[in-house]
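Reading the structure
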Amino acid sequence: MAQFSVGANNLYLQAIPVFSEDLSTFRPSRVFAIALAIGLLVCTGADYQQFVLAARSPVAAVCGCVLAGLLLFVIAFLPSAVVVAMQKGGMLGTLTDTKQVVPWVLGRVAGSAGQGADKLMLISLSVAALGAGAAVLRAMSEALACAVSGHRSARHPMFAFIALGVSAFLASRDQGIVNTMVSVNVVYIASIGVCFATMVTGIVIPAQHARWIMAMGFTASVVVYLVGWMGQHGEGTDLVSLVLGCLLSAATALWFRFVDGGWSGRFSGLHR
């Protein structure tokens, strides 16, 4: 409805060629980092896989994935087309914060349905955002609990406070949502990439070794992230963070492999 009300139809039909042209303004390293960080997490994320695993048959799973991809491709350009159309038409008024644009557009379109509908729309968006934030906070707390030796429960409030602190630190950068997702995903991939590769290739790593491998990759990636925050590396920060984290993580794995040994070649889970 928003698309028709602001006359964004022509922009939407031209979205794909315009998007392709805009990609040329990015460095290849930036495009690669975005595609890898988003694509890999989507393909391996448990929150996406649960729907595939729930399929009644392999054919249903494949058809569902193809259908979801087509629908996502169709609707992906709608928000940007609407916002660009409103900007060209001078309909954004005095809005200066880019994060307010989409909620403002949705509220305006909902307001055309009746008095108070815009407020109801914004309340619904706020509830959805709080729910998503609570789910992310719980996942972060559980991950921290599993990473700390001797703790197997995320109920301790300390983990929630640590997760909130990390989230506040990321939010303080005032990045766009895509840049934030890419940076966080890159750190995550650099941390678990080597252990994930050994798992899928059937190599068993002792749990203590795995912790050190992930810790070294995480540390290297975060250090580069912080250096990038201070203005170094520019658009290549995420790629440098990913490469250096993976390299240091792989080097740690090789050191454990040839110095300590004890790795088996058939996957049966991490040694406890």
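Criteria and thresholds
- Residues numbered from 1 in each chain as written.
- Predicted model: local features only at pLDDT ≥ 70, side-chain atom pairs only at ≥ 80, totals over all residues.
- Heavy atoms only, no water.
- Axes fitted to C-alpha atoms, helices over the stretch in contact; angles between N-to-C directions.
- Helix = DSSP H or I, 4+ residues; strand = E, 2+ residues; numbered from the N terminus.
- Parallel < 35°, antiparallel > 145°, perpendicular 65-115°, else oblique.
- Left-handed = near helix turned anticlockwise from the far one by under 90°.
- Contact = heavy atoms within 4.5 Å.
- Nonpolar A, V, L, I, M, F, W, Y, C, P; charged D, E, K, R; others polar.
- Expected span 1.5 Å × (residues − 1).
- Buried < 20%, exposed > 50% of the residue type's maximum accessible area, 1.4 Å probe, protein only.
- Phe/Tyr/Trp six-rings, centres within 6.5 Å; stacked < 30°, edge-to-face > 60°.

The next thing to look at is the packing of helix H11 (residues 177-200) against helix H12 (residues 207-229). In contact at an axis separation of 8 Å, H11 and H12 are set at 150° when each is read in the N-to-C sense. Here H11 is positioned roughly antiparallel relative to H12, judged by the angle of their axes. The two elements H11 and H12 cross, and the hand of that crossing is right-handed. Across the interface between the two elements, Ser 183, Val 186, Val 187, Ala 190, Ser 191, Ile 192, Val 194 and Cys 195 of H11 pack against Ala 210, Ile 213, Met 214, Gly 217, Phe 218, Ser 221, Val 222 and Tyr 225 of H12. Broken down by class, the residue content of the contact of H11 with H12 amounts to 12 nonpolar, four polar and no charged.

With that settled, the discussion passes to H12. A rise of 1.5 Å per residue sets the reference length of H12, with its 23 residues, at 33 Å; its end C-alpha atoms lie 32 Å apart and thus fit the reference within 8%. For H12, the full list of buried residues reads Ala 207, His 209, Ala 210, Ile 213, Gly 217, Ala 220, Ser 221, Val 224, Tyr 225 and Gly 228. Looking at the buried side of H12, the elements it contacts are helix H10 (157-171), H11 and helix H13 (237-259).

As a further point, take the packing of aromatic side chains. The tally for this structure, following the rule as stated, stands at three aromatic pairs. An angle of 70° between the planes, with centres 5.6 Å apart, marks the rings of Phe 19 and Phe 77 as edge-to-face. Taken together, the positions of Phe 19 in helix H3 (residues 15-23) and Phe 77 in the loop between helix H6 (58-75) and helix H7 (78-88) put the pair 58 residues apart, joining distant regions of the chain. Judged by relative accessible area, which is 43%, Phe 19 ranks as partly exposed. Owing to a relative accessible area of 15%, Phe 77 belongs among the buried residues under this scheme. With centroids separated by 5.9 Å and ring planes inclined at 85°, the aromatic side chains of Phe 73 and Phe 77 adopt a geometry described as edge-to-face. With a relative accessible area of 47%, Phe 73 lands in the partly exposed category.

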